[in-house]
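Tertiary structure, described
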Amino acid sequence: MPASVILGAQWGDEGKGKITDLLAEKADMVVRYQGGNNAGHTIVVGDEKFALSLIPSGVLYPNVTPVIGNGCVIDPKVMLEEMATLRGRGIDPSKLLVSGNAHLIMPYHRKLDAVIERFLGDAMIGTTKRGIGPAYMDKYSRFGIRVQDLFDPRIFRKKLEVALKDKNKQLMKVYNQLPLDVDTIYDEYMVYADLLADHVTDTSLAVWEAIDRGDNVLFEGAQGTLLDIDHGTYPFVTSSNPTAGGAAVGSGIGPKQIDNVIGVVKAYISRVGTGPFPTELHDETGDRLIEIGGEYGVVTGRRRRCGWLDAVALRYAVRINGLTEIALTKLDVLSHFDTIKIATSYTSLGERYTEFPRQQRVLYNCAPHYEEHEGWGDDISTATTFGALPERARSYVERIEELAGVPITTVSVGPSRAATLDRR
Ligand code: IMP
């Protein structure tokens, strides 16, 4: 494994949590490199279900050092709550390392995320309203407050005052909201500073040292390829780079230090929030994928939009990320369908597309062309080897592999760790 990136190859919610958790068992370090508590990872260990949004999944293993890298945005309140929840369930998060260069999500970011969405009306993005976009906006406009500023109270206060002058004007004059109080926020964040002090360090150096020692380091992407700010379906995307390149920038290592890039692909596809979605099903089949697949958001509880696997988008994810292997998840959900489809090309505005269209207008008008596969019908959730799957399930997996041009090394047939087939 040495240094591997694991990331979502679709619009997020591919089941990354489970696959990351499986790999974390053998890892020494698990690093989050972008996003914040907009992510939702559900991990099932025995009879216990853990839902994490910010802390890397690897925290469940005593052998793993969990790291939140510089590319992340951190809501300290959420992070401390997550740590307390873990402690309450017998898991020790004391090894957690947090980058001093990561940016803080502030109360005005959360507030602005909600009011901007309301202001956008029909054009809304459908964000998680956790303040992610506004925090990244401040990062890139160089208005941001970083984790390291917490430990320099005078500088923190000064930056907060400057930021609030601007934010309060926006909140009051543009969005008709009440202003926020400097002292209240200052006092709240100084308490967080005390609680976080032992965790904050130069994580880029810690990751480099781990790689240098030959440790197994796993870079855990949140959201998914098609939600990437540069390569996703802009503007209906998140505000960071979940794609593989983001792992280098967001954790402070060079790209050549990454050995493998594992794309997690759901056997069908889903998306939350608004934006184009060529294979979305608006019929009873779509409803069944949602219900059987339990497609409701971990963070917001929102019902996900669902559709058949999109091989055009998959090939795009292979290319953008340089995927070296694929972990295919939720194959068991498809056992309930007589016919299973895969989109292999689109027609839009009179033209045929076999590559993911770069023009938003084209993408919005895509009608997918499907190939049909006969379902296998049998329950596959107790299979323990790939060879034990019904022939039609195997050929569905092999066909995806052929379309992607990348080996599918893992197939997941249920939420538990046991329901995992290794094809390596
Ligand atoms: P934000 O990341 O909260 O700004 O939301 C931007 C877009 O990304 C919205 O469409 C969200 O629904 C989507 N999004 C954010 N995080 C996730 C995730 O973890 N899984 C799936 N979609 C997500």
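Here, the structure is the one placed above.
Residues numbered from 1 in each chain as written. Predicted model: local features only at pLDDT ≥ 70, side-chain atom pairs only at ≥ 80, totals over all residues. Heavy atoms only, no water.

Some details on the sheet that holds strand 15 (residues 325–329)
The test is simple: Paired strands are those between which DSSP finds at least two bridges. Numbering of helices and strands starts at the N terminus; helices are DSSP runs of H or I of at least 4 residues and strands are runs of E of at least 2. We call two residues in contact whenever any of their non-hydrogen atoms come within 4.5 Å of each other. All axes are obtained by fitting lines to C-alpha atoms, using only the stretch in contact for helices, and the reported angles, taken between N-to-C directions, cover 0 to 180 degrees.
The 10 strands lie next to each other as 9-7-5-2-10-1-11-15-19-20, forming an open sheet whose pairing is mixed. The open sheet terminates on both sides in strands that have one partner only, identified here as strand 9 (200–201) and strand 20 (420–422). Relative to strand 15, strand 11 (residues 260–266) runs parallel, the two sharing 5 bridges. Looking at strand 15, one finds that isoleucine 262 is bridged to glutamate 325. The strands touched by helix 12 (residues 391–404) are strand 15 and strand 19 (408–412); relative to strand 19, the strand with the most contacts, the crossing angle is about 140°.

A closer look at helix 10 (residues 311–321)
Filter applied, for reference: Throughout, exposure labels follow a simple rule: accessible area from a 1.4 Å probe, protein chains only, divided by the maximum for the residue type, with under 20% read as buried, over 50% as exposed, and the rest as partly exposed. Within 3.5 Å is the distance limit for a polar contact, defined as a pair of N or O atoms, with the added protein rule that one can donate a hydrogen and the other accept it, and that residues adjacent in sequence qualify only through two side-chain atoms.
Counting buried residues along helix 10, 8 of its 11 residues qualify, which places the element largely inside the surrounding structure. Buried within helix 10 we find Ala311, Val312, Ala313, Leu314, Tyr316, Ala317, Val318 and Asn321. Measuring from the side-chain oxygen of the N-cap residue of helix 10 to the backbone nitrogen of valine 312 gives 3.0 Å; that N-cap residue is aspartate 310. In the segment just after helix 10, glycine 322 is the residue with positive phi, at about 60°.

Here we look at the pattern of salt bridges
Opposite charge on two side chains lets them pair, provided their charged atoms get close. Note the threshold: The term salt bridge refers to a pairing of a side-chain nitrogen on Lys or Arg with a carboxyl oxygen on Asp or Glu at a separation within 4 Å.
Going through the model one piece at a time under the given rule, you end up with 26 salt bridges. Two residues, aspartate 287 and arginine 303, come together in a salt bridge whose shortest N-O distance is 3.5 Å. Taken together, the residues span a long stretch of sequence, with aspartate 287 in helix 9 (residues 284–293) and arginine 303 in the loop between helix 9 and strand 13 (305–307) at a distance of 16 residues. For arginine 304, the salt bridge goes to glutamate 295, with nearest N and O atoms at 2.8 Å. Like glutamate 295, arginine 304 is buried. It is possible to trace a salt-bridge network through shared partners that takes in Asp13, Lys266, Glu295, Arg304 and Lys330.

Let's talk about the packing of aromatic side chains
What describes a pair of aromatic rings is the distance from one ring centre to the other and the angle between the planes of the rings. Using the following cut-off: Each aromatic pair joins two rings of Phe, Tyr and Trp (for Trp, the six-membered one) with centres within 6.5 Å, and gets the label stacked for planes under 30 degrees apart, edge-to-face for over 60, and tilted for any other angle. To sit over a ring, a charge needs its Lys NZ or Arg CZ within 6 Å of the ring centre and within 35 degrees of the ring normal.
One pass over the structure, following the stated rule, counts 9 aromatic pairs. With a centroid separation of 5.6 Å and an interplanar angle of 90°, the aromatic rings of phenylalanine 119 and tyrosine 175 are classed as edge-to-face. Here tyrosine 175 lies in the loop between helix 5 (153–174) and helix 6 (182–196) and phenylalanine 119 lies in helix 3 (residues 107–120), a separation of 56 residues in the sequence. Judged by its relative accessible area of 56%, phenylalanine 119 falls in the exposed class. Ring centres 6.0 Å apart and planes at 45° place the aromatic pair tryptophan 376 and tyrosine 396 in the tilted group. Taken together, the residues span a long stretch of sequence, with tryptophan 376 in the loop between strand 18 (367–374) and helix 12 and tyrosine 396 in helix 12 at a distance of 20 residues. Judged on exposure class, the residue tryptophan 376 and its partner tyrosine 396 are both buried. Counting every residue linked through ring pairs, the aromatic cluster contains Phe156, Tyr186, Tyr189 and Tyr192. The ring of phenylalanine 50 carries arginine 89 above its face, with NZ or CZ at 4.2 Å from the centroid. Here the guanidinium or amino end of arginine 423 rests over the ring plane of phenylalanine 386, the centre of that ring lying 4.2 Å away.

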